[in-house]
Amino acid sequence: MDIDFRELVEKYTSMVYSVALRMLGNTQDAEDATQETFLSAFKSLKSFRGQSSLSTWLYRIAVNACLMKLRKEKSAHYLVDTGYEDMDIPDREPGPERAAINNELREHIQEGLSRLPPDMRAAVILRDVQGLSGEEAAEALGVQLATQKTRLHRGRVLLRKHLETYLRKASDTQADDTSGNPERGSRIK
């Protein structure tokens, strides 16, 4: 298989960086992991047999680079309590308030992702953030589909639990804001 490495880098840099940023949580580490990913890919390019797509192959290299970085961290604190409480995500009116709330929610999601154990974090990011199919994510992680599904489920449960307090607070705040206006309050269930 004849691959132009320069084109490969140009085409997939943003994808690799996006995975790395979500896995590692900061730009410097994400840039380092992206560079390590392409360095590893360059060294291994001749051995790429085309049994998977180039993007899946790069996802796997990127996730491995991130996992290696995470293993080097000594003071990692991961979420481990797995409660199965259901929660409702409040419906918000569009506008600047919603943009601010969405930005705050995005920060809470990123914080929750960064606190997931690395194997669950990778499963959630590849499936829910990057949009890979279950099979593609499993292949990129080098695990069986059942293992990917288990990690994804557990990661989602932990992330949901992490976000529960924030969403409950946001819902309570919104209910307080709409209590004086019965028309607005009636739209929010």
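Note that the structure is predicted; figures quoted are calculated from it, not measured.

Focus on the packing of helix α2 (residues 27-44) against helix α3 (residues 54-72)
- Direction vectors running N to C along α2 and α3 enclose 130°, while the axes themselves pass 9 Å from each other. Judged by the angle between their axes, α2 and α3 are oblique. The handedness of the crossing between α2 and α3 is right-handed. Across the interface between the two elements, Asp 29, Asp 32, Ala 33, Glu 36, Thr 37, Phe 38, Ser 40, Ala 41 and Ser 44 of α2 pack against Trp 57, Leu 58, Ile 61, Ala 62, Ala 65, Cys 66 and Lys 69 of α3.
- Of the residues that constitute the contact of α2 with α3, the class distribution is nine nonpolar, three polar and four charged.

Some words on helix α6 (residues 134-141)
- Among all positions in α6, only Gly 134, Ala 137, Ala 138, Ala 140 and Leu 141 are buried. Along the axis of α6, the buried positions cluster into a sector of 165°, meaning they face one direction only.
- Following α6 by one or two positions, Gly 142 adopts a phi angle in the positive range, close to 70°.

Here we look at the confidence of the model for the protein chain
- Chain-level pLDDT for the protein chain is 80 on average; 75% of the residues reach the 70-or-more range.
- Taking the mean pLDDT of every element in the protein chain, the minimum, 44, falls on helix α8 (residues 182-187) and the maximum, 92, on α2.
- Within the model, the stretch residues 82-89 combines pLDDT values under 50 with 15 contacts to residues more than four positions away or in other chains.

Conventions and cut-offs
Residues numbered from 1 in each chain as written. Predicted model: local features only at pLDDT ≥ 70, side-chain atom pairs only at ≥ 80, totals over all residues. Heavy atoms only, no water. Axes fitted to C-alpha atoms, helices over the stretch in contact; angles between N-to-C directions. Helix = DSSP H or I, 4+ residues; strand = E, 2+ residues; numbered from the N terminus. Parallel < 35°, antiparallel > 145°, perpendicular 65-115°, else oblique. Left-handed = near helix turned anticlockwise from the far one by under 90°. Contact = heavy atoms within 4.5 Å. Nonpolar A, V, L, I, M, F, W, Y, C, P; charged D, E, K, R; others polar. Buried < 20%, exposed > 50% of the residue type's maximum accessible area, 1.4 Å probe, protein only. Arc of directions from axis to C-beta. pLDDT = per-residue confidence, 0-100.

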